[in-house]
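The primary structure of each chain is shown beneath.
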Amino acid sequence: MPTRELRLTNRRGLHARAATKLVQCCQPFAVRVAVHHRERQADAANVMSLLMLAAPCGTELTVVTEGDDADAAMDAIVGLFEARFHEDE
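Residues numbered from 1 in each chain as written. Predicted model: local features only at pLDDT ≥ 70, side-chain atom pairs only at ≥ 80, totals over all residues. Heavy atoms only, no water.

Caption draft 1: Quick look at the sheet that holds strand β3 (residues 40-43). Taken in spatial order, the 4 strands make up an open sheet running β1-β4-β2-β3, and their pairing is antiparallel. Edge strands, defined here as strands with exactly one partner in the open sheet, are β1 (3-7) and β3. Between one strand axis and the next, the sheet turns by 25° as a mean value, whatever way the strands run. Two elements, strand β2 (residues 32-37) and strand β4 (residues 60-66), share 5 bridges in a ladder whose sense is antiparallel. Within β4, the position partnered with valine 33 by the bridge is threonine 65. The sheet contacts of helix α3 (residues 70-82) involve β1, β2 and β4, and relative to β4 the element is tilted by about 155°. (Pairing = 2+ DSSP bridges. Helix = DSSP H or I, 4+ residues; strand = E, 2+ residues; numbered from the N terminus. Axes fitted to C-alpha atoms, helices over the stretch in contact; angles between N-to-C directions. Contact = heavy atoms within 4.5 Å.)

Caption draft 2: Molecular detail of the side chain of threonine 65. For threonine 65, the location among the structural elements is in strand β4. A polar side-chain atom of threonine 65 sits 3.0 Å from the main-chain carbonyl oxygen of alanine 70. Excluding its chain neighbours within four sequence positions, the residues that come into contact with threonine 65 are Met1, Pro2, Val31, Arg32, Val33, Ala70, Ala73, Met74 and Ile77. (Polar contact = N/O pair within 3.5 Å; in protein donor to acceptor, adjacent residues only side chain to side chain.)

Caption draft 3: How the structure looks around the pattern of salt bridges. Scanning the entire structure with this criterion turns up 1 salt bridge. With a closest N to O distance of 2.9 Å, glutamate 60 and arginine 7 form a salt bridge. Of this pair, glutamate 60 sits in strand β4 while arginine 7 sits in strand β1, and the two are 53 residues apart along the sequence. Overall, the relative accessible area of 39% leaves glutamate 60 in the partly exposed class. (Salt bridge = Lys/Arg side-chain N within 4 Å of Asp/Glu carboxyl O. Buried < 20%, exposed > 50% of the residue type's maximum accessible area, 1.4 Å probe, protein only.)

Caption draft 4: Representation of the nonpolar core within the structure. Ranked by internal contacts, the top residues of the largest apolar core, which has 24 residues, are Leu14, Leu22, Val35, Leu50, Ile77 and Phe85. For this core, the elements supplying multiple residues, two or more each, are α1 (16-26), β2, β4 and α3. A per-element tally of this core places α1 first, with 6 residues. If near-sequence neighbours (up to four positions away) are discounted, isoleucine 77 is found in contact with Leu6, Leu22, Cys25, Cys26, Val33, Val63 and Thr65. (Core = buried A, V, L, I, M, F, W, Y, C linked by side-chain atoms within 4.5 Å.)

Next up, the structure:
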């Protein structure tokens with residue numbers, strides 16, 4: 001199970017549009033993705049679950065991928081975070 005600590009660096013954090021992009025990023029893969037913020041956990045297949053994390057800019061999230069495409073999914077998720085969810089371009 002690949003696990004990474006990823007920091008939200010886009011200005012608005014994990015808001016509705018960013019959460020939707022994360023869900024869409026995970027969809028092509030045969031994987032389950034869990035996102036942790038403090039004591040809360042969200043399923044990356046569920047936008048509302050991600051929004052409940054209430055994660056603003058600067059928040060560090062723990063992302064865990066599990067399944068056949070775990071490594072490829074993690075690479076895609078890391079790329080999305082590094083691209084700042086394609087918002088600040």
